[in-house]
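# Per-entry structural report
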Amino acid sequence: MRYESTRGQSPIVTAAEAIKKGIAPDGGLFIPTEKIYLSSAEIENLCSLSYLERAAYILKYFLTDFNEAEITDCVAKAYGGGKFSSLEVAPVKQLTRNLAVLELWHGPTCAFKDMALQILPQFLVRSLTKTGETSEIVILVATSGDTGKAALEGFADVPGTKIIVFFPEKGVSEVQRLQMVTQVGKNVQVVGVQGNFDDAQSGVKEVFSDEVFSALLAKNNFQLSSANSINWGRLVPQIVYYFSAYADLVKDGRVKNGQSINFVVPTGNFGNILAGYYAKLMGLPINRLICASNANNVLTDFIKTGTYSRNREFYKTNSPSMDILISSNLERLLAELTGHQAEKISQWMTELKNNGSYTVDAELVGFIQEHFWSDFATNEETLQTIQKVWGDLNYLMDTHTAVAMNVLEKYRNTTGDNSYTVVVSTASPFKFNGSVAQAILDEKIVAEKSEFELLKELSFYTNWPIPEGLRDLNHLKVLHQRVIGKDEIGKAVKEILLG
Ligand SMILES: *Cc1c(COP(=O)(O)O)cnc(C)c1O
C-alpha cells in the first residue's frame, strides 16, 4: 500500500514515509492509493479475536512495509500491558434494544486521543528506522488540553524521541494542567505559556517554519515532527474500533453479520468520523455516519448545504475538545468522494485559506448526504441529555458523548430511522466532571467545590469509580514548572534541546 497527497503535487510514498512526514510536502494530507475490502467472512472471523488481534489484522492492510512481528509489537506496546483499564480496550455497552455506546476512553488519559496516540509513537520509531533516519525526533505540541497529555503518555520514554508540550497556562482545566505538569519520563518537557491556545499554536508553528533553526537542529542531530491528527499514523488505528465494535455486536447476537448500523460521532477535526468512513469503504456495513457538532457547527452547515465557512463566531462550549472551526481531516473525505481529484481539492483549500470558505458542487453534496447526516447540540441541550440518560438508563456520559446522544435523538425524530446505532463515546465523564456534576448533582453540592472535590462527589453519588489516571492527581509531584512569555517558545525549544 502506498500513499499520495490529496493535493497531487507530492511524490507517492510508503506508509513509513507518510507517518514520518505527517503532512505531504505540497501541504496536502496523505491518503491510500488503493482500496481495501474485507469480506463478510473476514468480518465474521474478527468476532473471535481480541482487540489486539483485531488491530493487527486491520493494520496489516495499510502498513504493508511493516512485517507481522512489527505490527504485533506496536499493538502490544500500545494497547497491552495494562495500559488500558478495560481488557477489551474499546468496550461496547448495550443501553437499549437498538442503542449501544462504544467507550473509547479507557486509556491512560481518559479520552479517545489515547486510541491513536498510544500507537503513533510505536509506528513512528519503526518508520524512522525504515526510512534510514538517524536523527533524534523532537515532537512539538501546542495543546488546548487533551492532546498534550495523550501525546506525553504516548511518547514518554520512547527511544529516539523527545517531546515538548506547550499549553496556555491559564487556558486549561486544573485536572488537565495537573495531568501534564506531573508527567514522568526522561524525554518529556512541559511548558506553560502566558497566553491563549492560539498564542501557543502560533509559536509552535513559527518554530516549524524557521528554516535557519531547522538547519541548526539538523546539525545537532535533531529533527522536528508533530503528532497532530492529520498524520495518517493517527487516523489508521481509529479504523480498528469501528470493526471491533461491529464484531462485538455480531458476537453478542445484537446484530446479524451484514446488517447495516449507524454510528454517531462527536466531531471536531473530523478524524474520528473519517476513520468510520474508511471502515465503511472497506466493507463494514454502515448505513449513516452521524456527525454531531456543538455550537461551533461549521460541519453541520457544510453537510447540509455544501458550503464550508469558518467566517463565523467562535464559541467556548462545555464540549471544549470540539471547539474547532477548521476540521482538517475533511480534506481527506473530499478527496475520497471525488475519486482523488487533486486539482479540485487544492482549489477549495486555497479558497478556505484566502476567503475562509468554499462551496462544493451539488453532485458532491449528494454523495456526502448519502453517507453522512449532521446536526448540533447547544450547551443547555448537552447538560439536559447527560441528566436524562443518567435518569432513564443509569448511564453516565461526558459532555462530548452527550452531544452525540442529543444529535441521535434529532436524527431519529427527523428521519424516522430507528435502526441499530452506536454512539461513539470520546471521554470519561470524570474528565469533564464540572459540567457532568452540574448536570446531575444538586446545585448546593456543586457550589464552590474544586474539581477534585467534585470528582469525589460524582463518584459517591453515581457509584462509578474515579479512573486511575485522575484519582490521585492532586497528590502527584509537580515535575514541570517552567512558564514562559508567549513570544519565547522558540527560545525555550532552543534551550531545552541545545542547552
Ligand atoms: C478530540 C476529541 C473529539 C473530536 O475528535 P475529532 O477526531 O477531532 O473529530 C471529541 N471528543 C473528545 C473528548 C476529544 O478529545
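Our structure's up above, just so we're on the same page.
Below: a short report on this structure. (Residues numbered from 1 in each chain as written. Predicted model: local features only at pLDDT ≥ 70, side-chain atom pairs only at ≥ 80, totals over all residues. Heavy atoms only, no water.)

This part is about the overall build of the chain. The helix and strand inventory of the chain stands at 23 helices and 15 strands. By the compact-globule yardstick of 23 Å for 499 residues, the chain fits well, its C-alpha radius of gyration being 22 Å. Once the C-alpha set of the chain is aligned to its principal axes, its extents read approximately 60 × 55 × 50 Å. Split into buried and exposed, the 499 residues of the chain put 58% on the buried side. Across the chain, the fraction of contacts at a sequence separation of at least 24, relative to all contacts at a separation of at least 6, is 74%. Accessible surface computed for the chain: about 20300 Å², of which carbon and sulfur atoms make up 48%. Here the chain carries 47 positive and 56 negative side-chain charges, and the mean point of each set is 2 Å from the other. (Helix = DSSP H or I, 4+ residues; strand = E, 2+ residues; numbered from the N terminus. Rg over C-alpha atoms; globule rule 2.2 N^0.38 Å. Buried < 20%, exposed > 50% of the residue type's maximum accessible area, 1.4 Å probe, protein only. Contact = heavy atoms within 4.5 Å. Areas by Shrake-Rupley, 256 points an atom, 1.4 Å probe, with all protein chains shown as cover. Lys, Arg positive; Asp, Glu negative; His and termini not counted. Charge placed at Lys NZ, Arg CZ, Asp CG, Glu CD.)

Turning to the environment of Thr338, a few remarks are in order. As for its placement among the helices and strands, Thr338 is situated in the loop between helix H14 (330–337) and helix H15 (342–355). Leaving out residues up to four positions away in the same chain, Thr338 has contacts with Ile345, Trp348 and Leu364. A distance of 3.2 Å separates the side chain of Thr338 from the backbone oxygen of Ala335, its partner in a polar contact. (Polar contact = N/O pair within 3.5 Å; in protein donor to acceptor, adjacent residues only side chain to side chain.)

Next up on the list: the packing of helix H17 (residues 379–393) against helix H18 (residues 399–415). H18 packs onto H17 with a crossing angle of 90° between their chain directions and a minimal axis gap of 8 Å. As summarised for this structure, H17 and H18 are arranged roughly perpendicular, according to the angle between their axes. When H17 is examined against H18, the residues Glu381, Thr382, Thr385, Ile386 and Val389 are found in contact with a partner set consisting of Thr399, Ala402, Val403, Met405, Asn406 and Lys410. By residue class, the composition of the contact of H17 with H18 is five nonpolar, four polar and two charged. (Axes fitted to C-alpha atoms, helices over the stretch in contact; angles between N-to-C directions. Parallel < 35°, antiparallel > 145°, perpendicular 65-115°, else oblique. Nonpolar A, V, L, I, M, F, W, Y, C, P; charged D, E, K, R; others polar.)

It is worth spelling out the side chain of Arg288 at this point. As for its position among the elements, Arg288 is in strand S10 (residues 286–293). Despite its burial, Arg288 pairs with no opposite charge; the closest candidate is Asp417, at 6.0 Å N-O. At 3.2 Å, the side chain of Arg288 forms a polar contact with the backbone oxygen of Gln369. Aside from chain neighbours lying at most four places away, what touches Arg288 is Ile261, Asn262, Phe263, Gln369, Glu370, His371, Phe372, Trp373 and Tyr411. (Salt bridge = Lys/Arg side-chain N within 4 Å of Asp/Glu carboxyl O.)

Okay, the site of the ligand next. As a matter of local geometry, the ligand sits amid 15 residues, with Lys113, Gly268, Asn269, Asn272 and Thr426 nearest to it. Asn269 is positioned such that a nitrogen or oxygen atom in its backbone is 2.7 Å from an oxygen atom of the ligand. The contact in question runs from an oxygen atom of the ligand to an N or O atom on the backbone of Phe270, over 3.1 Å. (Near = heavy atom within 4 Å.)

Another point: the layout of surface pockets. Considered as a void within the structure, the second largest pocket measures approximately 670 Å³ in volume. Lining of the second largest pocket is provided by 30 residues; of these, Gly107, Pro108, Pro467, Glu468 and Gly469 occupy positions nearest its centre. Among the secondary structure elements, those contributing two or more residues to the lining of the second largest pocket are helix H7 (146–155) and helix H22 (468–471). At three residues, the largest contribution of residues to the lining of the second largest pocket is made by H22. Per-class residue counts for the lining of the second largest pocket are 14 nonpolar, nine polar and seven charged. (1 Å grid on protein atoms, 1.4 Å probe; cavity = no way out; pocket = protein on both sides within 12 Å on 5 of 7 lines; lining within 4 Å. Points joined across faces, edges and corners; volume = space filled by probe spheres on them.)

Nothing here speaks to function; it is geometry throughout.
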